[in-house]
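# Examining the three-dimensional arrangement
As a plain string of letters, each chain reads:
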Amino acid sequence: MTNSFSSSEIAPSQLREQTFDAFRRWGYLQANLDPLGQYLQPLDVPELRLDNEFVPDARRCYASTLGAEFMHISQPERRDWLLERLESPAPAAGSGRILRLLTRADIFEQVIQSRYLGTKRFSLEGVTALIPFLDELLNRAAELGAERSIMGMSHRGRLNVMVNTFGKSPVDIFSKFEDVDPRSILGGGDVKYHVGATGQFPARNGSSVALHLVSNPSHLEAVDPVAMGRARARQDRAGHDGWRRVLPIVIHGDAAFAGQGIWAETLNLGCIDGYSVGGGIHIVVNNLIGFTAEPDESNSTRFSTDLAKRLPIPILHVNAEDPAAVVRVAALAAEYRWQFQSDVVIDLIGYRRHGHSEVDDPTVTQPLRYARIKEHAPLCEIYAKQIGADAAPIVKELHAEFTDAQKKAAAARKKPVLVELPDYWRPYHGGCWQADLEVDTGLDRAAVQNIAEKLSAYPEGFHIHPKIKKLLEQRAGMGLGQHSFDYGMAEAIAFGSLLLAGTPVRLSGQDSQRGTFNQRHSVLIDIENEQHWIPLNHLGEQQARFSVYNSILSEAGVMGFEYGYSRDYPEALVLWEAQFGDFANGAQIVIDQFISAAEDKWGLLSGLVLLLPHGYEGQGPEHSSARIERYLQLAARDNIQICQPSSAAQYFHLLRRQALRKWRKPLVVFTPKSMLRHPDALSPLEDFTLPRFLPVVPESEIADAQRLLVASGKIGHELRVARAKRKDSSTGILFLDQLYPWPEAELRAALASHPAAREIVWVQEEPANMGALSFVMPRLRRLAGDRQVLSVKRSAAASPATGSAKAHEMEQKTLIELALKQRS
């Protein structure tokens, strides 16, 4: 049935508006988007069964090789801005430049294919329009004020982008096919299509845009929050207009965009305070295939980009074999982002000329599609015919250029790849720990008292909650030495001292402003108008910035963001806090691929701190263990620090050490829950004046123990309490506050101070197959010499803890009795 209107029924202006409104809403469903014509056939949309004089023009705007989804955006000014531009004549494209860029992209891939047949490179062929897209995007961004772009992408087309967008030498890229990175011989390094890159993009307005390609593992979308975090850090460094000067770009695959949850988490950060970046450009390099999976196996809807419709952002679908439309969309995306500080999603739809990698034979799984592809000419040839150009001279020139580069790479002597880091990384370094890296972290009493006084104050007329008023009074008393410090106040003093010394502090996590266990209260709230007061931002006129954010309910996205932030703000103390320690499991990819391995793989450092509440208190399997064993399994070559501070002052010194010393390594801190205010874990003011954090806290009550218990965290305090009740004067207790790097010298000294102790017992709350047991025991035995080394722990179990509070209490009591029991 056709919807038609006679001129007697409706005025022409109304008829035009109704026609265009229908195409604005549904035209993308009839757009010509698949270059091979196999998928995305135009749908029969009842609202588009129109027959009037305005249909051809409406179809040209909304159902050609460009399809736009934007009517879901609630803000009318944004919709009007888009429709005005989409319904205007397309600007003329620079066909000569486009042809050259397309030809460079295709010839680059063809030379690799001919010289390194069967070697993985993850070719861009089939979507080489990405190169002129990025060219126009960066040119327009430069005209709008961009000075820098942080780019994340997976491996598809990565080498092509490095050469043809970042300006990397083809010789350098080809050399990666000739030999491995020398670091790989010793177990480091990474494959060529995962490493990062830097470059300078010369814009047509005479400026240049600094480019940074973020290193990325095979987990395709894992780089998304990292790139966003790096962009936010760069923007914060640039000042109030940082969003104008730094452009985030993320290049996705179609199946990954639809399927990987970390991207949905990252997308949701776009408009959240503390995580917004003024909008990012998100390009889906859409091959209409995921490895061997068809589109209907990869996502439940027509377009892989439908996920983005959860937010009020435009989605622009474009046929990758209409380069003029591709370039037009690039300019439109840049202008929209700068106009509205909004994300934009571009669905660049093409195909994949080879298999998932060049060693695959895709004719086995997609025989019909690859029969079409075999007969389908490269885009540079198609476009040359479209514009009536003779591409032969360009092809000959570029083929000679890339062939010559390949020969030079084959003949060149291989050299180690040096990682290019920004100037602000110069004071910091990684590598193995050395004793001369340590710094003093103590403060004098006056400094602690000064900070405590300001932390416990609030403006006159501020209506404080009665419970918080009492808390602040207690904290003021701590500063005066009237009460011992709990962990919450110790943390605040550490933060405050760093801020006054010029070190920015950024903390984020679920409920981090208050703290999961009601321990922090970094943001005070007026109970009458809900105005906020952050004492840590009112310590002194020249202090650094304190930022604390309640994050979205995400682990992978937010942790990845904070890791990225720490990568471009090394002088700041950047912390991510789990609501409960085991919640970090949701970010295991970020931990495995970035936090623990980035230095080894890519030579990239980070000082990110993970705060993971840990301790067995009868709260069940999911709220007990932060999975210490997993972090220790990742520990090697001094890549990370793993600590469990046993007192408030130890936590204070640990945080200050992380910020003040120039050794930049991720720090995993197993923080307390019930011990946050436990008398045995509190610290007097004098402990804050001590010089440094103690990796091993020695026995302080028994001079020459007959037995030594070694523990980490809460169980050590429970052992001390039980020992006191028993009036046991022969058992010493050592706290292992730093598990990695293993404090060999400190623990040897602590053991040696009790020469009469013939038995050393490692005690842990966790089951035998969890916790630090398998890591600690062989090291303890090595240090113990001829002394017997035993362990007390729960029996091995599949689940970390019991769900019964009574069963937990019985287990814990038994554990402590066994540990303190004298053996004959």
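Here's what I pulled together on the structure shown here. (Residues numbered from 1 in each chain as written. Predicted model: local features only at pLDDT ≥ 70, side-chain atom pairs only at ≥ 80, totals over all residues. Heavy atoms only, no water.)

Moving on, we get to the packing of helix H19 (residues 487–500) against helix H24 (residues 648–660). Their axes nearest at 8 Å, the elements H19 and H24 cross at an angle of 25 degrees. Here H24 runs roughly parallel to H19, going by the angle between their axes. For the crossing formed where H19 meets H24, the hand is right-handed. Of H24, the residues touching H19 (which contributes Tyr-487, Ala-490, Glu-491, Ile-493, Ala-494, Phe-495, Ser-497 and Leu-498) are Ala-648, Tyr-651, Phe-652, Leu-655, Arg-656, Ala-659 and Leu-660. A breakdown of the residues in the contact of H19 with H24 according to their chemical character gives twelve nonpolar, one polar and two charged. (Axes fitted to C-alpha atoms, helices over the stretch in contact; angles between N-to-C directions. Helix = DSSP H or I, 4+ residues; strand = E, 2+ residues; numbered from the N terminus. Parallel < 35°, antiparallel > 145°, perpendicular 65-115°, else oblique. Left-handed = near helix turned anticlockwise from the far one by under 90°. Contact = heavy atoms within 4.5 Å. Nonpolar A, V, L, I, M, F, W, Y, C, P; charged D, E, K, R; others polar.)

With omega at -5 degrees, the peptide bond leading from Tyr-740 into Pro-741 counts as cis. Its place among the elements puts Pro-741 in the loop between strand S20 (738–740) and helix H26 (744–752). For Leu-40, which is not glycine, the phi torsion reads 55 degrees and is therefore positive. Tracing the backbone through its elements, the reader meets Leu-40 in the loop between helix H1 (12–26) and helix H2 (55–62). One non-glycine residue, His-521, lies in the positive phi region at around 50 degrees.

Before going further, it helps to spend a moment on the sheet that holds strand S5 (residues 246–253). The strands making up a sheet are joined through hydrogen bonds of the backbone, oriented either antiparallel or parallel. Taken together, the eight strands give an open sheet; going across it, the order is S1-S7-S8-S6-S5-S2-S4-S3, and neighbouring strands pair in mixed fashion. Looking along the sheet, the strands with just one partner apiece sit at the ends: strand S1 (66–69) and strand S3 (197–202). Taking the axes of each pair of neighbouring strands and ignoring which way they run, one obtains an average angle of 20 degrees across the sheet. Taken together, the five bridges between strand S7 (residues 315–319) and strand S8 (residues 344–349) define a ladder with parallel strand orientation. Of the residues in S8, the one forming a bridge with Ile-315 is Val-345. (Pairing = 2+ DSSP bridges.)

It is worth spelling out the state of the cysteines at this point. Summed over all chains, the structure comprises zero disulfides. With no disulfide of its own, Cys-432 lies closest to Cys-643 among cysteine sulfurs, the gap being 17 Å. Note on Cys-432: relative accessible area 48%, which makes it partly exposed. (Disulfide = S-S within 2.5 Å. Buried < 20%, exposed > 50% of the residue type's maximum accessible area, 1.4 Å probe, protein only.)

Take helix H21 (residues 588–595) next. Counted residue by residue, H21 has six buried out of eight residues, so it is predominantly covered. Listed as buried for H21 are Gln-588, Val-590, Ile-591, Gln-593, Phe-594 and Ile-595. As for H21, its buried residues are in contact with helix H8 (223–238), helix H11 (261–268), helix H20 (556–567), helix H22 (598–602), strand S14 (609–613) and helix H23 (628–634).

Taking strand neighbours across the sheet as the criterion, the seven strands line up as S12-S9-S13-S14-S16-S15-S20 in an open arrangement whose pairing is mixed. Each having just a single partner strand, strand S12 (546–550) and S20 make up the two edges of the open sheet. Ignoring which end each strand starts from, the neighbouring axes of this sheet average 20 degrees apart. Looking at chain direction, strand S9 (residues 505–509) and S12 are connected through five bridges and run parallel. The residue bridging Leu-507 from the neighbouring strand is Val-548, located in S12. Packing of H19 onto the sheet brings it into contact with S9, S12, strand S13 (573–577) and S14, and relative to S9 it is tilted by some 140 degrees. Contacts from H24 reach S13, S14, strand S15 (641–643), strand S16 (667–671) and S20, with the element oriented near 165 degrees to S16.

Coordinates in, geometry out; function isn't part of it.
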